[in-house]
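Notes for the structure review
Given next are the chains, with one letter for each unit.
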Amino acid sequence: MLALHDRPTPVPTGDDEDDATRVWQESPIVDGGAGMAAMASTPTGAVAHDRQTLTEPRVDRDTIVGPPALPLLLRLKAGWASFWSAVADAFFGGPRVSERLPPVPPPRSREVTGISFGNIADHEHGEFLLLEVVLAAPLYQRAAIEVAREALAARREGEAAYTNFVTHLALSRLRPDKDGRVSVVRLREKLPHLPYERMILPALVRLEEQGVVTLAQTRTGDPMAEILREGVTHVELRVPV
């Protein structure tokens, strides 16, 4: 007589066969019905041992495993390539210079004679400036960048602030005479495109109020002329731009 644990596992038959098959297919130790034959020939006492052997290790799906870190040498190579790519974009990439400049102005009329800074249009003055900057020494090219930056900032503050800056800069670039003053005649020659009565003189008065310059005025005895600052002859620069 066979021992109790040596008896073969009964195979379900009849109406219970479908239920048994469904139980085996849903079992975590088999894939579908592929494990039924092995399970039928396995002693009952060995089932628990086989479950431990066939069961796959549990993997937590919520755990995200990132890619392995790159070696230090590869990271250095990638950073070096990115650096030279940025350098190439800065020096060789981007739009052409002409695409960042104003449009080329129309040709000047042949009827206009006596060309001077006083009667050159703004765009023609600008075209002259562009070529002069290119032909200037590096020292003045860097200075032009600084001056242009300050001029743009002054323009954003309004016309008065911009005129103050232009006048202040012109005075700062004129060498004073032996008395430490700059004549108004020389200042007007330096700024021929600015009207004196409407722009330069009001700028000088504002700069004097700010303590930047001191104005020398001819005394005529007319109180109104002194109030209107008529007869200003020289400017003493106290604070350079």
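Residues numbered from 1 in each chain as written. Predicted model: local features only at pLDDT ≥ 70, side-chain atom pairs only at ≥ 80, totals over all residues. Heavy atoms only, no water.

Things to note about the overall build of the protein
- Secondary structure summary: the protein contains 10 helices and 3 strands in total.
- Looking at the protein as a whole, 18% of its 241 residues are labelled buried.
- The contacts in the protein between residues at least 6 apart in sequence include a share of 49% that link residues at least 24 apart.
- Counting every atom, the protein has about 19,100 Å² of accessible surface; 59% of that belongs to carbon and sulfur. (Helix = DSSP H or I, 4+ residues; strand = E, 2+ residues; numbered from the N terminus. Buried < 20%, exposed > 50% of the residue type's maximum accessible area, 1.4 Å probe, protein only. Contact = heavy atoms within 4.5 Å. Areas by Shrake-Rupley, 256 points an atom, 1.4 Å probe, with all protein chains shown as cover.)

Looking at the pattern of salt bridges
- Inspection of the entire model under this criterion finds 2 salt bridges.
- Measuring nitrogen to oxygen at the nearest pair gives 3.1 Å for the salt bridge that ties R149 to E146. Taken together, the positions of R149 and E146, both in helix α6 (residues 138–157) and 3 residues apart, correspond to about one turn of that helix.
- Classification of E146 by relative accessible area gives partly exposed; the value is 45%.
- Between E208 and R229 there is a salt bridge; the shortest N-O distance is 2.6 Å. Of this pair, E208 sits in helix α9 (residues 196–209) while R229 sits in the loop between α10 (223–227) and β3 (232–237), placing them 21 residues apart in sequence.
- Among the residues examined, E208 registers a relative accessible area of 22% and is labelled partly exposed. (Salt bridge = Lys/Arg side-chain N within 4 Å of Asp/Glu carboxyl O.)

Brief notes about the sheet that holds β3
- One open sheet accounts for 3 strands, arranged β1-β3-β2; its pairing is antiparallel. With one partner strand each, in any of the chains shown, β1 (182–183) and β2 (213–217) form the two edges of the open sheet.
- In this sheet, β3 lies alongside β1 in antiparallel orientation, the contact comprising 2 bridges. The residue bridging S183 from the neighbouring strand is H234, located in β3.
- Helix α7 (residues 159–172) contacts β1, β2 and β3 of the sheet and is inclined by roughly 80° relative to β3.
- Docked against the sheet, α9 engages β2 and β3, running at close to 120° with respect to β2. (Pairing = 2+ DSSP bridges. Axes fitted to C-alpha atoms, helices over the stretch in contact; angles between N-to-C directions.)

A look at the pairing of β3
- Where β2 meets β3, 5 bridges bridge the pair, whose relative direction is antiparallel. By the bridge assignment, Q217 is partnered in β3 with V232.

Quick word on the packing of aromatic side chains
- Counted according to the given criterion, the structure contains 0 aromatic pairs.
- Over the face of the ring belonging to Y162 we find R155, whose NZ or CZ atom lies 3.9 Å from the ring centre. (Phe/Tyr/Trp six-rings, centres within 6.5 Å; stacked < 30°, edge-to-face > 60°. Lys NZ or Arg CZ within 6 Å of the ring centre and 35° of its normal.)

Concerning the confidence of the model for the protein
- Per-residue confidence for the protein gives a mean pLDDT of 74, with 59% of residues at or over 70.
- Long-range and interchain partners of residues 1–5, a stretch whose pLDDT sits below 50, account for 2 contacts in this model, where long-range means more than four residues apart.
- Segment residues 111–118 is flagged for pLDDT under 50; beyond a separation of four residues in sequence, or across chains, it makes 9 contacts in the model. (pLDDT = per-residue confidence, 0-100.)

Notes on the environment of S172
- Note on placement: S172 falls in helix α7.
- On a C-alpha basis, the gap between S172 and V182 in space is 9.8 Å, while along the polypeptide they are 10 residues apart.
- Those residues within four positions of S172 in sequence are excluded, and the remaining contacts are L237, P240 and V241.
- Reaching out from S172, the side chain makes a polar contact with the backbone nitrogen of V241 at a distance of 3.0 Å. (Polar contact = N/O pair within 3.5 Å; in protein donor to acceptor, adjacent residues only side chain to side chain.)

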